[in-house]
Amino acid sequence: MTMNAIGLLHTLAALVLAPLLPAIIARTKARFAGRQGPPLLQGYADLGKLFRKGTVLSRTATWVFLAGPIATCAALATTLAFVPLGGLAAPVSFGADLILVAYLLGVARFVTVLAALDTGSSFEGMGGSREVLVAALAEPALLIGLAALARFTGHFSLGPMIGSVTGPAWLAGAPALALVAAAVFVVMLAENARIPFDDPNTHLELTMIHEVMVLDHSGPALALVHYGAALKLWIFGALLAGIVVPVRTANPWIDGAAALAGIAAIAVVIGVVESTRARVRLRSIPQLLVGAGALSALAMILVLG
Amino acid sequence: MIAPPETMAAALVLVPAVAGAAAFVIRRHSARRGLLIAGALVHALLTADVCLRGGDPGSSGWLVLDATARLFLGITSALFLTAAVYALGYLRREPPDERHDFQEDVLFSNAPEAVLTGCLLLFLATMSLVVLSRNLGLLWVAIEATTLVSAPMIYFHRHHRSLEATWKYLLICSVGIAVALLGNFCLAVAAAKAGQGSSSLGLDPLVRNASHLNVPWLKAAFIFLLVGYGTKMGLAPLHTWLPDAHSEAPSVVSALLSGALLNCAFVGILRAQQVLAAAGEAAFGQGLLLILGLLSIGLAGVFILGQTDFKRTLAYSSVEHIGILALGVGLGGAGAFGSMLHAVNHSLAKGMLFLLAGNILAEYRTKSTAHVRGVPGALPVTGVLWGAGFLAICGLPPFGLFTSELTILKAALDQGRTGVAVAYLALLALVFVGLTTTFLGMLQGRTTTPGAGRSRRESVLEFAPPMALGALVLAMGVYVPPALSATLHEVARTLGGF
Amino acid sequence: MNLTLVFLVLTNLLLLASGRLSTCIRIVAAQGVALGLLALSTGRPGLSIGAIALSLVSILLKGIVFPTLLSRAIREAQVRREARPFVGYTASVTLGVVLLLGAFGLDSRLALPRSDYPPLSVPAAFFTILVGLFLIVSRKQALSQVLGYLVMENGIFAFGLIHAREEGFLVGLGILLDVFVAVFVMGIAIFHINREFDHIDTERLSALKDWER
């Protein structure tokens, strides 16, 4: 298990910069619609506003309900410790830490669903069951894709793995890497409840998946929910930027800047996807995810063969 | 000898092809029908000349005139000539406008007559190309072409049943032939490994360098070719299109499909077996053919029992005899000889039966065996010939099929394969039971036609072609000309097992 | 060449997941064009006239002629979607991945006699053939079955391009001609089926049976 000082730096940066990502997405969507859109620092303003408000609790809710957002944030922040930023190594890394990352994400999701069930309302329960369906199909796609990447680079630890995705590596295995990137992008959209899987702006019963689980939170708890969502976006964005942006000079500043630019670009792409596509029917979500799984499997086959 | 072999072989393909193309544009019915007969006659004359010449290995171009080619060319040409004569009468009888369908209360019409005549001639051209091909790639192209020109003929009577049969035929046979194409490519790979530089699919280079061919790829190629051409030939379990297509097509077309086209697909398999035998792997191919042969006879027997449509019965009987052909080649040696003889006999007998079925259908207006009784009462000559055909197709002496089936049985026993022989006999008995119930029911009893009681005069064109074919089968049962026997022997030798 | 083969595999998976017939036609056309380009890159060093001719003809036929014919058939028959195939789309894609693994297994059984082909070539070709067969068997619309046949021919064509180059481009052209006429005839058949039945659902073509209805 190795620890890293520069890694600590970029993790702290992640914790600070995460709320920017939803704002970038919202700004892109607004621009597409011909509007100005909210300012980029709107995310921080929202968080601050929510922290100053009071909380309304349902009479049937227990401590689990409040523990949900807290535990989610904690799990996601812990995950951040293992995620590298492009060429910059993660603060903590050991042998098979990508499995730990996957499970930490799973813990975060599990706790959210628990909190949703704790409200005692069937509305949130429905959201929980839908969320778990999406997760059950998305996780194999993500894991197989990362396993293919691990096989390709020869490292099982996330840090060295992403670190060895250099320019020459892309030239050598472009099809496999492209497929892994595509699969991770689709999984990113699914896990973060973005179009085409879920519309973050909708509040109609028929169409909500993630929104409905967090419907009952208010005040600081809601702030933590939003912050957790931003962290999750950052985690996936960092992974994807690490695969797609193969800038690996020895200079940490250049690497870091390139990776940050990559994450911002990915946020813009998500915004574009949200503006140009429509949400698919609930019945078609498994098809999309199985398709992403097929892409990962194909990447794995290409790497093995 | 009219001309050098290259020209003869080319003429055998080009004459019907040109005639077929011309038939599409000729407007007068009489001129078109005359062209059909003329094309058939010229082709038969050329074939007779080529066959009587004997022993000429042919040119070194794309076409060959070896023993296999001559044998199957002769069968095809003879059958086509008789079918063309019958078609003359058939086309005259067909009403030009809409009429009521026999089985259901719908109105339907026929396709334009030019389509049938043109496609018949093109069919002859493509079948000739199949048997004369020196190159396995060309053979493949020709077999695909036969599928495409025979599809419009099956859809001659434009109603939904024949359309369904045509669609199944097109799709299943095209898929099968695509698999055969894969087999051709595998064969090319096997040849490339031989290190001779060229991986051509010419038959002579393949046979010459057979011992250098890469064996696994050769075996894979044979399997694909067997599956592919076997679909076209009607080997079970790939025969599902056959009963539909052969029963819904006009009887003339059915006769040619059963008697000539199945043989052409068989030629494809024979060429593959030839290469396999030259490479010393004959036993591999023979084993597969044996199994598929017995399976075909068995499945046909099961479906013939209790069959209510006499044209479908004839179609399943074709499947059975195809199985016997495959079984004979699967045994090798004397069995292969018997199989080649059987090819001749079966084509003649089945052609005769289908033409007669056409007569019966026209008279009784039904394909159901339950409603056809006392055929000799309504159609005397047809009735007698139908009885003779029944005896022939069941393999009873003195008709030729008895000789060929007995030869195959003897080969099985001589090789010590008593299990195969017992299965063969048992399945043949099963088929016999099925056929007897169908045919005898139709021959006996009080005549039940729409105009019951009176027997109308049958025109010469209706009974002469089947009679000629029947006479040939009878003659083959009594005496096999030495020239023919020598040719059969030569073909059997190339297939291995001697 | 590797890129084209990966593209081939991806288009097959996409085909298994699509239900809209016009999308399927476009995907098969893209496959055909990619294979036409493949014909250019597998010739011996220095392009021969035969290779260029084969490539041009196949791009023309598969990229332009076939999609036009088939689109016209859809317009006549007024079908847009495949109606509830025998195997659902999600299951089809999963089965597709299994078939891909099967193709790799098949390849490992048959030893390639020459080693200058990319290791993906035989599995990709076999996979395409298997996907074509699967489409024929599992889809009900007659047009989908024709598309399955085209995909199967694409796979065989790919196999032939990579492994039987010396056979001569004449046979390749002959094959293309045959496929063209086959599709043409099938298109006519579909037109007739639609006119006769008012649908092109082959599951309902079941009037011809052996035992009493």
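What counts and how
Residues numbered from 1 in each chain as written. Chains lettered and ligands numbered in written order. Predicted model: local features only at pLDDT ≥ 70, side-chain atom pairs only at ≥ 80, totals over all residues. Helix = DSSP H or I, 4+ residues; strand = E, 2+ residues; numbered from the N terminus. Rg over C-alpha atoms; globule rule 2.2 N^0.38 Å. Buried ≥ 20, exposed ≤ 12 C-beta atoms within 10 Å, placed from the backbone. Contact = placed C-beta atoms within 7 Å. Core = buried A, V, L, I, M, F, W, Y, C linked by C-beta atoms within 7 Å. Nonpolar A, V, L, I, M, F, W, Y, C, P; charged D, E, K, R; others polar. Pairing = 2+ DSSP bridges. Expected span 1.5 Å × (residues − 1). Axes fitted to C-alpha atoms, helices over the stretch in contact; angles between N-to-C directions. Parallel < 35°, antiparallel > 145°, perpendicular 65-115°, else oblique. Left-handed = near helix turned anticlockwise from the far one by under 90°.

Asker: I'm lost on the overall build of chain B in this one. Help?
Answerer: If you tally the helices and strands in chain B, you get 19 helices and 3 strands. Computed over the C-alpha atoms, the radius of gyration of chain B is 22 Å, within 12% of the 23 Å expected from 2.2 N^0.38 for a compact globule of 498 residues. Overall size of chain B, expressed as C-alpha extent along the three principal axes, is 70 × 55 × 40 Å. Relative to its full complement of 498 residues, chain B shows a buried share of 62%.

Asker: Quick question: what am I supposed to make of the overall build of chain A here?
Answerer: What chain A contains, in helices and strands, is 13 helices and 2 strands. Against the globule reference of 19 Å for 305 residues, chain A gives a C-alpha radius of gyration of 19 Å, in line with a compact fold. Overall, chain A is about 55 × 45 × 40 Å in size when its C-alpha atoms are taken along their principal axes. Counting over 305 residues, chain A shows a buried share of 51%. The contacts in chain A between residues at least 6 apart in sequence include a share of 79% that link residues at least 24 apart.

Asker: Mind showing me how you'd approach the nonpolar core here?
Answerer: Side chains of a nonpolar character, in soluble globular proteins, are inclined to be buried together. If you look at the biggest cluster of nonpolar residues, it comprises 360 residues, and the most contacted ones within it are Val180, Val184 and Ala299 of chain A together with Leu256 and Cys264 of chain B. A per-element tally of this core places helix α6 (residues 160–193) of chain B first, with 23 residues. Not counting residues within four places of it along the chain, the set of residues in contact with valine 180 of chain A comprises Gly145, Ala148, Leu149, Ile243, Ser296 and Ala299 of chain A.

Asker: It is not clear to me how the interface of chain A and chain C should be interpreted in this structure. Could you clarify?
Answerer: Often, the extent of an interface is quoted as the loss of accessible area upon association of its parts. Counting residues at the interface gives 11 residues for chain A and 16 residues for chain C. The dominant element in the side of chain A that touches chain C, judged by the number of residues it contributes, is helix α13 (residues 285–304) of chain A, at 9 residues. When its residues are assigned to classes, the side of chain A that touches chain C shows 8 nonpolar, 3 polar and no charged.

Asker: What is the right way to look at the sheet that holds strand β3 (residues 157–158) of chain B in this model?
Answerer: Pairing between the strands of a sheet is mediated by backbone hydrogen bonds and can be parallel or antiparallel. Residues and elements named next belong to chain B. If you trace the 3 strands from one edge of the open sheet to the other, you get β1-β2-β3, paired in antiparallel fashion. Every other strand in the sheet has two partners, leaving β1 (99–100) and β3 as the edge strands with one partner each. Relative to strand β2 (residues 107–110), β1 is paired through 2 bridges, and the arrangement is antiparallel. Looking at β2, one finds that histidine 100 is bridged to leucine 107.

Asker: Just checking my understanding: could you explain helix α2 (residues 29–53) of chain B for this structure?
Answerer: All names here are of chain B. Between the first and last C-alpha of α2 there are 36 Å, a value that for 25 residues agrees with the 36 Å anticipated at 1.5 Å per step. Inspection of α2 places Arg32, Arg33, Leu36, Gly39, Ala40, His43, Leu46, Thr47 and Val50 among the buried residues, and these make up the whole buried set. The inward-facing, buried residues of α2 contact α1 (5–25), α3 (67–93) and α4 (113–132).

Asker: Quick question: what am I supposed to make of the arrangement of the chains here?
Answerer: In this assembly 2 pairs of chains touch, with chains B and C having more contacts than any other pair. Note that chain A does not reach chain B: the shortest distance linking a C-alpha of one to a C-alpha of the other is 22 Å.

Asker: What exactly am I supposed to notice about the pairing of β2 of chain B here?
Answerer: Note on strand geometry: in a regular strand, side chains alternate between the two faces of the sheet. Inspection of the sheet shows β2 of chain B paired to β3 of chain B by 2 bridges, in the antiparallel sense. Of the residues in β3 of chain B, the one forming a bridge with serine 109 of chain B is arginine 158 of chain B.

Asker: I keep staring at the packing of helix α10 (residues 251–278) of chain B against helix α13 (residues 334–364) of chain B and nothing clicks. Help me out?
Answerer: Any two packed helices are characterised by how steeply their axes cross, that is the angle between the axes, and by the distance between the axes. Residue and element names in this part refer to chain B. For the pair α10 and α13, interaxial distance at closest approach is 7 Å and the crossing angle is 160°. Looking at the two axes, α10 sits roughly antiparallel to α13. The crossing of α10 and α13 is right-handed. Between α10 and α13, the contacting residues are Ser251, Val252, Ser254, Ala255, Ser258, Gly259, Ala260, Asn263 and Phe266 on the first element and Ala343, Ser347, Lys350, Gly351, Phe354, Leu355, Ala357, Gly358 and Leu361 on the second.

Asker: Before we go on, may I ask you to explain the packing of helix α2 (residues 21–41) of chain C against helix α3 (residues 49–77) of chain C in this structure?
Answerer: Residues and elements named next belong to chain C. The interhelical angle for the contact between α2 and α3, taken along N-to-C directions, is 175°, at an axis separation of 7 Å. Here α2 lies roughly antiparallel to α3, going by the angle between them. Facing Leu21, Ser22, Ile25, Arg26, Ala29, Gly32, Val33, Leu35, Gly36, Leu37, Ala39 and Leu40 of α2, the residues of α3 in contact are Ala51, Leu54, Ser55, Ser58, Ile59, Lys62, Gly63, Phe66, Pro67, Leu70, Ser71 and Ile74. When its residues are assigned to classes, the contact of α2 with α3 shows 15 nonpolar, 7 polar and 2 charged.

Asker: So what exactly am I meant to see when it comes to helix α12 (residues 310–331) of chain B here?
Answerer: Residue and element names in this part refer to chain B. Along its 22 residues, α12 runs 31 Å from first to last C-alpha, staying within 8% of the 32 Å computed at 1.5 Å per residue. Burial of α12 is extensive: 22 of the 22 residues sit out of reach of the surface. Among the residues trailing α12, glycine 332 stands out with phi positive, at a value near 75°.

Asker: What is the right way to look at the environment of arginine 109 of chain C in this model?
Answerer: With respect to the secondary-structure elements, arginine 109 of chain C resides in helix α4 (residues 89–109). Separated by 17 residues in the primary sequence, arginine 109 of chain C and serine 92 of chain C place their C-alpha atoms 25 Å from one another.

Asker: I keep staring at the environment of leucine 288 of chain B and nothing clicks. Help me out?
Answerer: All names here are of chain B. Mapping leucine 288 onto the fold places it in helix α11 (residues 282–304). C-beta crowding within 10 Å serves as the criterion here: with 20 such atoms nearby, leucine 288 is assigned to the buried category. The spatial distance from the C-alpha of leucine 288 to the C-alpha of alanine 326 is 9.1 Å, given a sequence separation of 38 residues.

Asker: Which parts of the structure should I look at to understand the environment of alanine 142 of chain B?
Answerer: Residues and elements named next belong to chain B. Within the fold, alanine 142 resides in helix α5 (residues 136–154). What makes alanine 142 buried here is the crowd of 24 C-beta atoms within 10 Å. Setting aside its immediate chain neighbours within four residues, alanine 142 contacts Thr126, Leu129, Val130 and Ser133.

Asker: Explain unusual backbone geometry here, please?
Answerer: In most cases, non-glycine residues show a negative phi, while peptide bonds are predominantly trans. Following isoleucine 195 of chain A, the chain continues into proline 196 of chain A via a peptide bond in cis, with omega recorded as 10°. The amide bond that connects proline 397 of chain B to the next residue, proline 398 of chain B, takes the cis arrangement and shows omega of 5°. Assignment of secondary structure puts proline 398 of chain B in the loop between α15 (380–393) and α16 (400–414). Although it is not a glycine, alanine 193 of chain A sits at a positive phi angle of roughly 55°. If you trace the backbone, alanine 193 of chain A turns up in the loop between α9 (174–191) and α10 (210–213).

What is shown is where atoms sit, not what they do.
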